[in-house]
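# Analysis of the macromolecular model
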Amino acid sequence: MKKLLPVFFILVVIFNFAGCSKVATNNAQVSSETYTVSKNESTDEHNKTQTDSTKEGIPVKKIVNMNITVGNTIFTATLEDNETTKAFVKQLPLTLDMSELNGNEKYNYLSSNLSADKASSPGKINEGDLMLYGNNCLVLFYKTFNTSYSYVKLGHIDNTTDFNKAVGSGSVKVTFSISE
């Protein structure tokens, strides 16, 4: 009987650690979820989830949407959750004359530096990507292509239908603002 007691104790310890591992895995999955939170609909399901998750100490990201207005057309973009994007959002609303470059992008050098995140090469740029090149060059891409250049991604236009047509060739006036 005395020999079974240590074996039983070891099995209990092993099962406890296995259970803790499963809880840690579930918490990691919950904390990586992203929720859109509506300002005006405090009773919607996402707000309940955010409130419940916040009470449990689990960080929840809020997706911020931005309007990108080209001429009379408004495109909605979803912003990235990084420090550079937060610095950009503080400057909004912002209307810029964006210049043409390489037949695939519009750019403008901002009056202040934004970069707080390390730039990296995405390998592929997609139509509708909003990026920062260097510390202050805002770039809005209207064609998809491969690249070796490094950027900090700020966001992406959700639906790029007619975006290429809207920006056209040459310089274009673009207004960036937060969606309500």
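Once that is clear, we can look at the overall build of the chain. Regarding its fold elements, the chain presents four helices and twelve strands. Classification of the 180 residues of the chain by burial places 29% in the buried group. For the chain, restricting intrachain contacts to residue pairs at least 6 apart in sequence, the fraction spanning at least 24 positions comes to 62%.

Before going further, it helps to spend a moment on the pattern of salt bridges. For the structure shown, the criterion picks out five salt bridges. Because the salt bridges share partners, they merge into one network encompassing Asp81, Glu83 and Lys86.

When strand β4 (residues 73–79) meets strand β11 (residues 152–157), the two strands line up antiparallel, connected through three bridges. Along β11, the bridge assignment pairs Leu79 with Gly155. Here strand β8 (residues 129–133) pairs with β11 via four bridges, running antiparallel. Residue pairing for β11: Leu130 is matched across the bridge by Gly155.

Looking now at the sheet that holds strand β6 (residues 105–109). Reading around the circumference, β3-β4-β11-β8-β9-β6-β5-β12 is the order of the eight strands in this closed barrel, with antiparallel pairing throughout. The mean angle between the axes of side-by-side strands here comes to 30°, regardless of whether they run parallel or antiparallel.

Moving on to the packing of aromatic side chains. If you walk through the whole model with that rule in mind, you get seven aromatic pairs. Here the aromatic rings of Phe75 and Phe163 are separated by 5.0 Å at their centres, their planes lie at 85°, and the arrangement is edge-to-face. In this pair, Phe75 sits in strand β4 while Phe163 sits in helix α4 (residues 163–167), placing the two residues 88 residues apart along the sequence. When its relative accessible area of 4% is taken as the criterion, Phe75 is described as buried. For the pair Phe88 and Phe176, a centre-to-centre distance of 5.7 Å together with 75° between the ring planes defines the contact as edge-to-face. In this pair, Phe88 is assigned in helix α3 (residues 83–89) and Phe176 in strand β12 (residues 172–178), connecting sequence segments 88 residues apart. Each member of the pair, Phe88 together with Phe176, is buried. These aromatic residues form a ring-pair network of at least three members: Tyr133, Phe141, Phe145, Tyr149 and Tyr151.

What follows deals with the environment of Ser111. When you line up the elements, Ser111 lands in the loop between β6 and β7 (124–125). The spacing of Ser111 and Cys137 is 26 residues in sequence and 9.3 Å in space, taken between C-alpha atoms.

Looking now at the pairing of strand β3 (residues 65–70). Of all six residues in β3, five are buried; the element is thus mostly enclosed. Counting the residues between successive antiparallel strands, the hairpin from β3 to β4 contains two residues, one of them, Gly71, with a positive phi of roughly 65°.

Attention now moves to the nonpolar core. If you look at the biggest cluster of nonpolar residues, it comprises 26 residues, and the most contacted ones within it are Met66, Ile68, Phe88, Leu138, Leu140 and Phe176. For this core, the secondary structure elements donating two or more residues are β3, β4, β5 (94–101), β8, β9 (137–141), β11, α4 and β12. Excluding residues that lie within four positions of it along the chain, Met66 makes contacts with Phe75, Thr76, Ala77, Leu79, Phe88, Leu92, Leu130, Phe176, Ser177, Ile178 and Ser179. In this structure, Met131, Cys137, Val139 and Tyr151 belong to the second largest nonpolar core, which totals six residues.

To continue, consider the environment of Val174. Here Val174 shows up in strand β12. Judged by relative accessible area, Val174 falls into the buried class, the value being 0%. Look past the residues within four positions of Val174 in its chain and what remains in contact with it is Ile68, Thr69, Val70, Leu94, Thr95, Leu96, Met98 and Leu140.

Reading the values: rules and limits
Residues numbered from 1 in each chain as written. Predicted model: local features only at pLDDT ≥ 70, side-chain atom pairs only at ≥ 80, totals over all residues. Heavy atoms only, no water. Helix = DSSP H or I, 4+ residues; strand = E, 2+ residues; numbered from the N terminus. Buried < 20%, exposed > 50% of the residue type's maximum accessible area, 1.4 Å probe, protein only. Contact = heavy atoms within 4.5 Å. Salt bridge = Lys/Arg side-chain N within 4 Å of Asp/Glu carboxyl O. Pairing = 2+ DSSP bridges. Axes fitted to C-alpha atoms, helices over the stretch in contact; angles between N-to-C directions. Phe/Tyr/Trp six-rings, centres within 6.5 Å; stacked < 30°, edge-to-face > 60°. Core = buried A, V, L, I, M, F, W, Y, C linked by side-chain atoms within 4.5 Å.

Just geometry here; none of it tells us what the structure is for.
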